[in-house]
Amino acid sequence: MSDLTGPDELLTEVLARYDDAPNERLKIVMQAAIRHLHEFVREVDLTRDEWMAGIQFLTATGQICSDTRQEYILMSDTLGVSTLVEMLNYSPTEGTTENTVLGPFYAAGSPERANGESMLDDEDPGDEVVVRGRITDPDGNPLAGVVLDCWQSNTDGWYQVQQVDGQSDFNLRGIYRTDDDGRYEIRTVRPGKYPIPHDGPVGSLLKANNRGWMRPGHLHTWVKHPGYKELITHIFDRKSDHLYDDAVFGVRESLIVDFTPDESGELAATFDFVLDPA
Ligand code: BEZ
Ligand code: FE
């Protein structure tokens, strides 16, 4: 062990304790995390009280987690880390559809819906809308039988999984499949903007920093087709508030659509997906 005469010597010694880690990747991750953590503490000249406040924040974040609440993911979302991980891991090839965060409100087991069928099963005061388009490969060839697993909030901004006693089992959830021309058509309601859960430590931290907790209205899609990368993305409504201050940094310009009256007078948006070969 070297003489721990100061922060530099301390960092060298801490890093050295990881030199023999049998898992090379774990060693790289741990040593980088430690380097950045020490640098952060030194940069802000962290006080003891601030260190304790951080410990208490992390403790509260863990304590509020449950089977249905993941406050650490929410923390990652609001710090832009979830989006960064998505950007690095999906990295769409030029010309293919961009991805974004999954979010906590996906539920497996949605019912199959026919093209054109509405996934709105409950009363809702909002605008009924249609989202339609084609799904192709990067050369523009239609892909048939592509699975689009969809979910969204109602006009008041609630997902079915947040209101299991207040909404029907599969309200605003459904699985659509493209036809032989690669076409799909989803009838639904204009998705409502909504607050991310903000009654816990993440909400307190947003508030302390004068940050908002709203997300703009969007339709989630999880697109699956053999031979292509699974695409988890959203389609955003240009009319929604919060496109430019989304609490979780999920918006991409290429994912924003306009709902305008179509030939039959329905409010409709076209969104074409281009899947990225696996
Ligand atoms: C969502 O889009 O459902 C969502 C994403 C991140 C945090 C909270 C909600
Ligand atoms: Fe959402």
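Residues numbered from 1 in each chain as written. Chains lettered and ligands numbered in written order. Predicted model: local features only at pLDDT ≥ 70, side-chain atom pairs only at ≥ 80, totals over all residues. Heavy atoms only, no water.

A. Structural context of the coordination of the iron ion (ligand 2). Taken together, the protein donors to the iron ion (ligand 2) comprise Tyr-159 (OH), Tyr-194 (OH), His-218 (NE2) and His-220 (NE2), at separations of 1.9 to 2.1 Å. Viewed at the metal, the 6 donor atoms of the iron ion (ligand 2) are separated by angles of 53 to 166°, and the geometry they form is irregular. (Donors = N, O, S within 2.8 Å, 3.2 Å for Na, K, Ca; no water. Tetrahedral: all angles 85-135°; square planar, octahedral: opposite > 155°, others 65-115°.)

B. The arrangement of the sheet that holds strand β3 (residues 173–177) in detail. Read from one edge to the other, the open sheet built from 5 strands follows the order β3-β2-β7-β8-β9, with strand pairing classed as mixed. Two strands close off the open sheet at either side, each with one partner strand: β3 and β9 (256–257). Pairing geometry for strand β7 (residues 218–224) and strand β8 (residues 231–237), over 6 bridges, is antiparallel. Residue Val-223 lies in a different strand from β8, and its bridge partner there is Leu-231. (Pairing = 2+ DSSP bridges. Helix = DSSP H or I, 4+ residues; strand = E, 2+ residues; numbered from the N terminus.)

C. Focus on the pattern of salt bridges. The tally for this structure, following the rule as stated, stands at 18 salt bridges. The shortest N-O distance in the salt bridge between Asp-258 and Arg-238 comes to 2.9 Å. With Asp-258 in the loop between β9 and β10 (260–261) and Arg-238 in the loop between β8 and β9, this pair connects stretches of sequence that are 20 residues apart. Using a relative accessible area of 41% as the deciding quantity, one classes Asp-258 as partly exposed. The class of Arg-238 is partly exposed, set by a relative accessible area of 37%. Linked by salt bridges that have partners in common, Arg-132, Glu-185, Arg-187, Asp-262 and Glu-266 make up one network. (Salt bridge = Lys/Arg side-chain N within 4 Å of Asp/Glu carboxyl O. Buried < 20%, exposed > 50% of the residue type's maximum accessible area, 1.4 Å probe, protein only.)

D. Local environment of the packing of helix α3 (residues 48–64) against helix α4 (residues 71–78). It is the contact of α3 with α4, at a shortest axis distance of 8 Å, that shows an interaxial angle of 125°. Comparing the axis directions of α3 and α4 gives the class oblique. Along the contact surface, α3 presents Phe-57, Leu-58, Thr-61, Gly-62 and Ile-64, while α4 presents Glu-71, Tyr-72 and Met-75. (Axes fitted to C-alpha atoms, helices over the stretch in contact; angles between N-to-C directions. Parallel < 35°, antiparallel > 145°, perpendicular 65-115°, else oblique. Contact = heavy atoms within 4.5 Å.)

E. Layout of the site of ligand 1. Neighbouring residues of ligand 1: 13 residues in total, closest Pro-104, Tyr-194, Arg-215, His-218 and His-220. Here ligand 1 has 260 Å² of accessible area as a free molecule, and 100% of this is covered by the chains. Among the elements of the structure, α4 and β7 are those that each provide at least two residues to the shell around ligand 1. Here the residues of the shell around ligand 1 sort into 7 nonpolar, 4 polar and 2 charged. (Near = heavy atom within 4 Å. Areas by Shrake-Rupley, 256 points an atom, 1.4 Å probe, with all protein chains shown as cover. Nonpolar A, V, L, I, M, F, W, Y, C, P; charged D, E, K, R; others polar.)

F. Layout of the packing of aromatic side chains. Going through the model one piece at a time under the given rule, you end up with 7 aromatic pairs. A connected cluster of aromatic rings, assembled from ring pairs, spans Phe-105, Tyr-159 and Tyr-194. Its guanidinium or amino end placed over the ring of Tyr-90, Lys-229 lies 4.5 Å from that ring's centre, counting from NZ or CZ. (Phe/Tyr/Trp six-rings, centres within 6.5 Å; stacked < 30°, edge-to-face > 60°. Lys NZ or Arg CZ within 6 Å of the ring centre and 35° of its normal.)

G. Main features of the domain arrangement of the protein. Taken domain by domain, the protein consists of domain 1 (7–71) and domain 2 (92–274). Taken over C-alpha atoms, the centre of domain 1 sits 36 Å from the centre of domain 2. It is Phe-57, Arg-69 and Glu-71 that lose the most area in domain 1 upon contact with domain 2, and together they represent 80% of the buried surface on that side. The interface formed by domain 1 and domain 2 holds 1 salt bridge in total. Asp-199 is the partner of Arg-69 in a salt bridge, and the nearest nitrogen-oxygen pair spans 2.8 Å. At the surface where domain 1 touches domain 2, the tally comes to 2 residue pairs in polar contact (both at pLDDT 80 or more). Examining the composition of the side of domain 1 that touches domain 2, we find that 4 residues originate from one element, α3, more than from any other. (Domains from an automatic or database assignment. Buried area = accessible area lost by both parts, 1.4 Å probe. Polar contact = N/O pair within 3.5 Å; in protein donor to acceptor, adjacent residues only side chain to side chain.)

H. Layout of the environment of Pro-277. As for its placement among the helices and strands, Pro-277 is situated in the segment after β12 (273–274). The partly exposed category is assigned to Pro-277, whose relative accessible area is 41%. Sequence separation of Pro-277 and Gly-145 is 132 residues, and the distance between their C-alpha atoms is 16 Å. Excluding anything up to four places from it in sequence, Pro-277 contacts Pro-138, Gly-227, Tyr-228 and Lys-229.

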